[in-house]
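Summary of the model geometry
Spelled out, the chains give:
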2 protein chains.
Amino acid sequence: MSNGHPFETELDRNGANYVPLTPVSFLTRAASAFAEKVAVIDGARRYTYRQLLDRCTRLASALAKLGVGRLDTVAIIASNIPEMIEAHFAVPMLGAVLNPLNTRLDAANIAFSLKHGSAKVLIVDGDYGKVVREALSQVERDIIVVDIAVPEEPASAIGKYGYEEMLAAADPAFTWTGITDEWQSLALLYTSGTTGDPKGVVYSHRGAYLSALGNGLCFGLGFDSIYLWTLPMFHCCGWSYPWAVVAVGGTQVCLRKVEPPLIFRLIAEHRVTHLCGAPIVLNMLSHAPAEQRVRFDHVVSVATGGAAPPSAVFRSMEALGFRVVHLYGATETYGPATSCVFQAEWNELPDDQRFARMARQGVAYPMVDDVQVADPKTMASVPRDGETVGEIMVRSNTVMKGYLKNKAATAKTLVDGWCLSGDLAVWHADGAIEIKDRSKDIIISGGENISSLEVEEVLTQHPAVMLAAVVARPDAKWGETPCAFVELKPGASKPDDAEVFAFCKSRLARFKVPKTLVFGPLPKTSTGKIQKFLLREQVKSLEKTQS
Amino acid sequence: MSNGHPFETELDRNGANYVPLTPVSFLTRAASAFAEKVAVIDGARRYTYRQLLDRCTRLASALAKLGVGRLDTVAIIASNIPEMIEAHFAVPMLGAVLNPLNTRLDAANIAFSLKHGSAKVLIVDGDYGKVVREALSQVERDIIVVDIAVPEEPASAIGKYGYEEMLAAADPAFTWTGITDEWQSLALLYTSGTTGDPKGVVYSHRGAYLSALGNGLCFGLGFDSIYLWTLPMFHCCGWSYPWAVVAVGGTQVCLRKVEPPLIFRLIAEHRVTHLCGAPIVLNMLSHAPAEQRVRFDHVVSVATGGAAPPSAVFRSMEALGFRVVHLYGATETYGPATSCVFQAEWNELPDDQRFARMARQGVAYPMVDDVQVADPKTMASVPRDGETVGEIMVRSNTVMKGYLKNKAATAKTLVDGWCLSGDLAVWHADGAIEIKDRSKDIIISGGENISSLEVEEVLTQHPAVMLAAVVARPDAKWGETPCAFVELKPGASKPDDAEVFAFCKSRLARFKVPKTLVFGPLPKTSTGKIQKFLLREQVKSLEKTQS
């Protein structure tokens, strides 16, 4: 380091002033600072920070005994239970790689992940024993399986080891190795990709640490925060919240299933202050029957992402006492990369305009170095005119290291110092980004671009409509026309096609009005996103039927 | 990087996923995200984030034209004005080193810093023109001086360049070099050391970035925060707040002098949400006459550090609508390293016990890797018994790189992976650290240790006492006895010595009661700390007088 300049002489990194960034440090700090504070609540179970550190230390010790070491993959399939939080600390303690699997995947997909990620150990929540057993039969290799017991179903165990038994027998004084290089891989997350094989997104310790600090700062987490687990933890490591809540010494409330009555009850019972979830979760809360709701007299901050919430969702959530903030990101960006920071002057706007502002993707997170909307050919930023469409690009320490064993896909996504999102957006004069569509979701009709999002927003304003998805339908005359798939609210009776068309006509330019309407439940991915590729296939079969 | 392991192959750092941490990125992000939001207020002056970035870019450009480049030192002596904030971004933009000088220093001390730090450029707030002119005459080297004009005193200019003129002529499209190594030196801060030459503490870009994020998270800063500059910005780079407020897109309100009437007026006028300051500032606010106070109807969060606030200060600050949190740290730790996080159960305690809890130094900050109270001989932690005294030690990315050109002092302070504080403390069962004294401030009387802090706390409970400082007085029989220096509240009449002794006796063990009482104003350092070394000298002269 020393090159003779006084500012580079005898001022090197040492053990006192340089510590590799890792989210594990949040737990050791919280356990030292707030040992007796409740860290995790799961039904009747309560773990203090002292106990959480003890359980994580024991899990790390037990995994080490099973042979897990540096860069070995530990897969876990579990709902949002304490063991899932524990894995987020214990596995990184060993310098191993955590691979949380999507609980809604089928056996073939699970098998693919286990094979591609070379899982050495798989921790299985008993609720998923059956599908995992099937998946394991498709893997031509022995994987060490650890069962998280489901007391009601002792037969669900499929492995050689029991989680609690392992912890009980483990060394509470175990000294884990940790890491020396903060760039070391920490987690592996398979994208739920709509086509082709899933891609394995790799996170680093450094990225996870910064993502947790940034999320905590942006969402206003503090020592008194009570965080409810409505977001699947397998999704982008729960957007870093297993770590972020620990960083501030807050409390995490577990939740096995997204069921509105239970969510309302837990919010009231524990005075939950923060929760995250896809708009679909907000939709469920908004449409929960009155008798399922429990009144609470405090404001709950809700972060949502994955798709822009329709104005109807903002409206109903506000009425229920939630303060909703819209985030945008992807698995490739550790979850949120932008946040639609609320501007005080929006309070002066009529509701619809206010909700439209709030539905934008917003601005870069504090720990994100830069976000731009740019022409992917020239990489030049588009003007901030709210009209010119470009691709959203992110540059950040919270951008993935790359896709595992997929150089080609990595090279297509991390380009010239930017992470390409594949999302098309405009840039507004006030700095906020607004998505117009996924590149592949834009509908081009008679040479005009139609944003499927814009049409969907109008459809969901219809009183009978809960969800809408609009895709392109090939058309001999126009090239493409918008085809709308509509899921109705529970109990709503199906409106006339003509009435819906008229509703759209009064709110949209003529060429944007859907030419086709299909009613029925919409197919969703395991993370709650509407699977437009399935709808496109449905459109194809529509053509066949009619041709 | 690639050693054949899949998790270390084709997953290297690149421009999209690795960005050296630097607080400059907070400004570019804020200017992109919140261009038209007010970033800085100074009297009638207002700068939006767009303007702040423009001014910083111009300043960087102008400094580059003056020859400032990588690792060159730019010193600045200024009160808490916008130019001081600008320097905190513009100088790091060039990879140069910012050296904020204490405005309360005399010419000899300023000259020492300019010589030792090899300042290439010195930016001078006109208010300090006179002392700086004298200091420059003591430096046998030409330093480029840039004047920040004071409109009321045009004659105060002492340099060749004018700040505003330079900015007006500068290139607004200047592309600064930035840094490629986040460990690069960013700032140089001379400690106000009580004896010997000042030491030059060196900060890195990485440390400053993490300190800003950690402070923002810990103090609850957000987009709506209005931060008032009651803390000198030359003190630990204003504890990183010039950067932290920008990280969240908040607003900074400048303040030239710590004058209670003005502070109250600014709090009410701008609805200030956060401010920091030494307990002496809180003391001034507490004792401001009623007619100087302006009522405000919101809660203001106040972070204080440098010494534990006496319970009387907590009490009066609460009554005025402030929520006080006590922090602990040093220049060597970028300011705060611990925070006395308020525990809800303390609300059940009687005021005195609650204030005693709140006066403790507390627990590690989220971005601090570890804090311990340990035996400096063995480096072993003391038990958490609230009794065993050890030295506070910190390990963190927010520990200084070291002292500039002072290997010996660095080696004495950064030892075995810890930054030694020189402060003696106990560790409580609940995880909180409580300072008993600076090692050199402990009074040993008849073999018993007396904490000067404990005696001072009792003295300040006396209705007539505003400040108290207790030092050791050599004593033939006891070795040392406590000697108390007392500054009375404005307008309070001097109490009887006997009455004060009796007051202490009813609240302290007999051997802890001061044997000597001296009334009068206390000498304070430029950062508001009481200068005990001067009191010790006074004690010596006391001996001479009496002997």
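Residues numbered from 1 in each chain as written. Chains lettered and ligands numbered in written order. Predicted model: local features only at pLDDT ≥ 70, side-chain atom pairs only at ≥ 80, totals over all residues. Heavy atoms only, no water.

If you check an unreviewed UniProt entry, chain A appears there as Long-chain-fatty-acid--CoA ligase from Bradyrhizobium jicamae. Note on chain A: under the UniProt heading Sequence similarities (unreviewed entry), the record states "Belongs to the ATP-dependent AMP-binding enzyme family." (UniProt positions renumbered as here; feature names shortened; annotations may be inferred.)

**Things to note about the pairing of strand β3 (residues 73–77) of chain B**
Residue and element names in this part refer to chain B. The buried fraction of β3 amounts to five of the five residues, a majority that puts the element mostly inside the structure. Here β3 shows two buried faces, one formed by T73, A75 and I77 and the other by V74 and I76. The pairing of β3 with strand β4 (residues 97–100) spans four bridges and is parallel. Looking across to β4, one finds that I76 is bridged to P100. Of the crossover connections in this fold, the one passing from β3 over helix α3 (residues 82–93) to the parallel β4 is right-handed. The pairing of β3 with strand β5 (residues 119–125) spans five bridges and is parallel. Counterpart to I77 in the pairing with β5 is V124. (Buried < 20%, exposed > 50% of the residue type's maximum accessible area, 1.4 Å probe, protein only. Helix = DSSP H or I, 4+ residues; strand = E, 2+ residues; numbered from the N terminus. Pairing = 2+ DSSP bridges. Right-handed = clockwise from strand over helix to strand, strands pointing away.)

**Some details on the packing of aromatic side chains**
As enumerated under the stated definition, the model contains 24 aromatic pairs over all chains in all. Measuring from centroid to centroid gives 4.6 Å for F34 of chain B and F223 of chain B, while their planes differ by 50°, and the two rings are tilted. Here F34 of chain B, found in the loop between α1 (24–33) and β1 (38–42), pairs with F223 of chain B, found in the loop between α7 (205–218) and β10 (226–228); they are 189 residues apart in sequence, far enough to count as distant. You can call F223 of chain B buried: its relative accessible area is 11%. With a centroid separation of 6.1 Å and 80° between ring planes, the pair formed by F112 of chain B and Y190 of chain B is classed as edge-to-face. Here the residue F112 of chain B occupies a position in helix α4 (residues 107–116), and Y190 of chain B occupies one in strand β8 (residues 185–190), the gap between them amounting to 78 residues. In terms of burial, F112 of chain B and Y190 of chain B fall into one category: buried. Taken together, the aromatic side chains of F219, Y227, W229 and Y241 of chain A make up a single cluster linked through ring pairs. Taking the ring centre of W427 of chain A as reference, the NZ or CZ of R384 of chain A above it sits at 4.2 Å. (Phe/Tyr/Trp six-rings, centres within 6.5 Å; stacked < 30°, edge-to-face > 60°. Lys NZ or Arg CZ within 6 Å of the ring centre and 35° of its normal.)

**Observations regarding the side chain of N283 of chain A**
Considering the arrangement of structural elements, one finds N283 of chain A in helix α11 (residues 279–286). If sequence neighbours within four positions are ignored, N283 of chain A has contacts with V313, M466 and L467 of chain A. (Contact = heavy atoms within 4.5 Å.)

**Some points on the sheet that holds β1 of chain B**
Residues and elements named next belong to chain B. Sheet architecture is open: nine strands sit in the order β2-β1-β11-β10-β12-β13-β14-β15-β16, paired in mixed fashion. Every interior strand has two partners, whereas the edge strands, β2 (45–48) and β16 (363–364), have only one. One ladder, built from five bridges, connects strand β13 (residues 300–304) with strand β14 (residues 322–330); its direction is parallel. In the strand pairing of β14, V300 is matched with F322. Sheet contacts for α3: β1, β2 and β11 (251–253); angle to β2, the most-contacted strand, approximately 25°. Along the sheet, helix α10 (residues 260–270) makes contact with β1, β2, β10, β11, β12 (274–277), β13 and β14, crossing β10 at roughly 170°. (Axes fitted to C-alpha atoms, helices over the stretch in contact; angles between N-to-C directions.)

**Topic: the interface of chain B and chain A**
Bring the parts together and some accessible area is lost; that lost area is often taken as the interface size. In this assembly, 73 residues from chain B lie in contact with 73 residues from chain A. Of the roughly 6,000 Å² buried between chain B and chain A, counting both surfaces, carbon and sulfur atoms make up 58%. Of all residues in chain B, F7, W183 and L217 of chain B give up the largest surface area on contact with chain A, accounting jointly for 13% of the area buried on that side. Remark: the boundary between chain B and chain A carries eight salt bridges. A salt bridge links E182 of chain B to R206 of chain A; the shortest N-O distance between them is 2.8 Å. Summed over the shared surface of chain B and chain A, the result is 25 residue pairs in polar contact (both at pLDDT 80 or more). At six residues, the largest contribution of residues to the side of chain B that touches chain A is made by α7 of chain B. Residues that form the side of chain B that touches chain A fall into these classes: 42 nonpolar, 15 polar and 16 charged. (Buried area = accessible area lost by both parts, 1.4 Å probe. Salt bridge = Lys/Arg side-chain N within 4 Å of Asp/Glu carboxyl O. Polar contact = N/O pair within 3.5 Å; in protein donor to acceptor, adjacent residues only side chain to side chain. Nonpolar A, V, L, I, M, F, W, Y, C, P; charged D, E, K, R; others polar.)

**Topic: the relation of the copies chain B and chain A**
Superposing chain B onto chain A requires a rotation of 180° together with a translation of 0.0 Å along the rotation axis, leaving an RMSD of 0.1 Å. Both copies of the chain, as the preceding transformation shows, are related through a two-fold rotation axis. Considering only C-alpha atoms, the part of chain B nearest the rotation axis is L217 of chain B, at 2.5 Å. A share of 100% of the interface residues of chain B reappears at the interface of chain A, consistent with the copies meeting face to face through the same patch. (Least-squares fit on C-alpha atoms with pLDDT ≥ 70 in both.)

**Description of the domain arrangement of chain A**
Residue and element names in this part refer to chain A. Domain boundaries in chain A define domain 1 (47–202), domain 2 (258–439) and domain 3 (442–546). Placing a centre on the C-alpha atoms of domain 1 and another on those of domain 2 gives a separation of 29 Å. Buried area between domain 1 and domain 2, both sides added, is near 1,000 Å², and the carbon and sulfur share of it is 61%. Put simply, domain 1 and domain 2 have zero salt bridges between them. Viewed at the interface, domain 2 and domain 1 are joined by six residue pairs in polar contact (both at pLDDT 80 or more). Elements with a minimum of two residues in the side of domain 1 that touches domain 2: β8 (185–190) and β9 (200–204). With four residues, the single largest contributor to the side of domain 1 that touches domain 2 is β8. (Domains from an automatic or database assignment.)

**Section: helix α5 (residues 129–137) of chain B**
Residue and element names in this part refer to chain B. Among the residues of α5, those classed as buried are G129, V131, V132, A135 and L136. Projection of α5 onto a plane perpendicular to its axis shows the buried side chains occupying an angular sector of 165°, all on one side. Exposed residues lying more than 90 degrees from the buried face of α5 are K130 and S137. Residues of α5 that are buried sit in contact with β3, α4, β5 and β6 (144–148). (Arc of directions from axis to C-beta.)

**Here's the deal with the state of the cysteines**
Each disulfide consists of a covalent bond between the sulfur atoms of two cysteine residues. Residues and elements named next belong to chain A. Following the criterion strictly, the structure yields zero disulfides over all chains and no others. Of the cysteine sulfurs around C218, a residue in no disulfide, the closest is that of C340, at 11 Å. With a relative accessible area of 29%, C218 lands in the partly exposed category. (Disulfide = S-S within 2.5 Å.)

**Looking at the confidence of the model for chain A**
For chain A, per-residue confidence averages 92 on the pLDDT scale, and 97% of positions sit at 70 or higher. Prediction confidence for the complex, expressed as pTM and ipTM, is 0.89 and 0.89 respectively. (pLDDT = per-residue confidence, 0-100.)

**Regarding the sheet that holds strand β27 (residues 516–519) of chain B**
Residues and elements named next belong to chain B. Read from one edge to the other, the open sheet built from three strands follows the order β25-β26-β27, with strand pairing classed as mixed. Strands at the two margins of the open sheet, each flanked by one partner only, are β25 (465–475) and β27. Each neighbouring strand pair of the sheet contributes to a mean axis angle of 25°, computed without reference to strand direction. The pairing of β25 with strand β26 (residues 479–488) spans 10 bridges and is classified as antiparallel. Paired with V471 across the bridge in β26 is C483.

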